[in-house]
Amino acid sequence: MPADLIAAPGADRAGVPVRRIQPSRRFVPIDFRELWHFRELLYFLVWRDVKARYKQTFLGPLWAILRPLILMVIFSIIFGRLAGIEPGSGVPYPLFVFAGLLAWLYVSLALVGGSFSIVNNSNLVAKAYFPRLFAPIAAVAAPVVDLVLSLTVLLGLFVWYGERPGPLVVLLPVFLLLAFLLALGVSLWLAGATISYRDVSFALPFLTQLWMYATPVIYPVTFVPEEWRWLLELNPATAVVEGFRWSLLGTEAPSALALASSAGFAFVLVAGGAYFFRSSERTLADMM
């Protein structure tokens, strides 16, 4: 809970500083010194979220591999064979769709986890003080482990199809960072809203599913008629998905409009989301 620390009257006379913690009545800027001071706590929160993700499951972390693999098989049969969608870049469709799924599954998992991070940490938020920003940041960072595990399947697909990643693979962390910021920005807006409006838990999975079909995950950008392609490029997730494919498969690079849209949305969402989150932070524990 952001708070103003005010020295109690008579504290100096006793020789012992006394501070009264009370809710702030104004916007409290992000205290980066405090975040740095508690940096080890962020590591433990991320590690806790990673372990809790597959707790009491039979397959455990194998779900991180099976989820994109099963989706790749289903999409390859339905859209690759039955619908006849071709990537148009000489890349086999299973490789094409799997690279897109890597990006999208990270964004969707990070978005859902970050949006419900305060609700999922309600006991901790209500009983102890820590930088509340760490909750959504940790929830958005945890799915990176799933992404790394999923890369093992991609390596197997490279071997199966006789392909290999090119030198552009060094740019993959750049697009991962862009995906992280995009998911974090949306999560900061929704993390506080989920406390007041539980409708978010019903709407978010549905809207996330719609967002996937509005993003070129299962089809190339060229599949959309050229006169409507600018709408697809305004989608901030388009540059992330296309960037993953570009760096991993050497397909066509994201357009300048798609990159500018994604970077702009990420900056605005993170900056505005941080302001909104901090302004609602002081009442989070009372509303749970």
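Conventions adopted
- Residues numbered from 1 in each chain as written.
- Predicted model: local features only at pLDDT ≥ 70, side-chain atom pairs only at ≥ 80, totals over all residues.
- Heavy atoms only, no water.
- Helix = DSSP H or I, 4+ residues; strand = E, 2+ residues; numbered from the N terminus.
- Buried < 20%, exposed > 50% of the residue type's maximum accessible area, 1.4 Å probe, protein only.
- Contact = heavy atoms within 4.5 Å.
- Areas by Shrake-Rupley, 256 points an atom, 1.4 Å probe, with all protein chains shown as cover.
- pLDDT = per-residue confidence, 0-100.
- 1 Å grid on protein atoms, 1.4 Å probe; cavity = no way out; pocket = protein on both sides within 12 Å on 5 of 7 lines; lining within 4 Å.
- Points joined across faces, edges and corners; volume = space filled by probe spheres on them.
- Nonpolar A, V, L, I, M, F, W, Y, C, P; charged D, E, K, R; others polar.
- Axes fitted to C-alpha atoms, helices over the stretch in contact; angles between N-to-C directions.
- Parallel < 35°, antiparallel > 145°, perpendicular 65-115°, else oblique.
- Left-handed = near helix turned anticlockwise from the far one by under 90°.

This part takes up the overall build of the protein chain. Scanning the protein chain from N- to C-terminus turns up 15 helices and two strands. Across the 288 residues in the protein chain, those meeting the buried criterion constitute 45%. Within the protein chain, residue pairs in contact and separated by at least 24 positions form 75% of the contacts whose partners lie at least 6 positions apart. Carbon together with sulfur atoms contributes 68% to the accessible area of the protein chain, which is approximately 15,600 Å² in total.

The next point concerns the confidence of the model for the protein chain. Taken as a whole, the protein chain shows an average pLDDT of 84; of its residues, 87% reach a score of 70 or greater. When the elements of the protein chain are averaged for pLDDT, strand 1 (residues 3–7) gives the smallest value, 44, and helix 13 (residues 236–249) the largest, 95.

On inspection of all chains with the given rule, the structure shows two cavities of 30 Å³ or more. Those elements that place two or more of their residues in the lining of the largest cavity are helix 4 (62–82), helix 5 (93–115) and helix 9 (144–161). Of the residues forming the lining of the largest cavity, the biggest block, five residues, is contributed by helix 5. For the lining of the largest cavity, a count of residues per class yields nine nonpolar, one polar and two charged. Volume-wise, the second largest cavity comes out at about 40 Å³. If you go around the second largest cavity, the residues you meet are I30, D31, E34, L35, P131, R132, L133, R278 and E281. Of all the secondary-structure elements, those providing two or more residues to the lining of the second largest cavity are helix 2 (32–37) and helix 14 (256–281). A per-class count over the lining of the second largest cavity returns four nonpolar, no polar and five charged.

Let's shift gears to the packing of helix 4 against helix 5. Where helix 4 meets helix 5, the axes come as close as 9 Å, and the angle between the chain directions of the two elements is 130 degrees. Overall, the two elements helix 4 and helix 5 adopt an arrangement that is oblique. When you trace helix 4 past helix 5, the crossing you get is right-handed. Seen from helix 4, the contacting residues are R67, P68, L69, L71, M72, F75, S76, F79 and G80; seen from helix 5, they are Y93, P94, V97, F98, L101, L105 and L109. Class assignment of the residues belonging to the contact of helix 4 with helix 5 gives a composition of 13 nonpolar, two polar and one charged.

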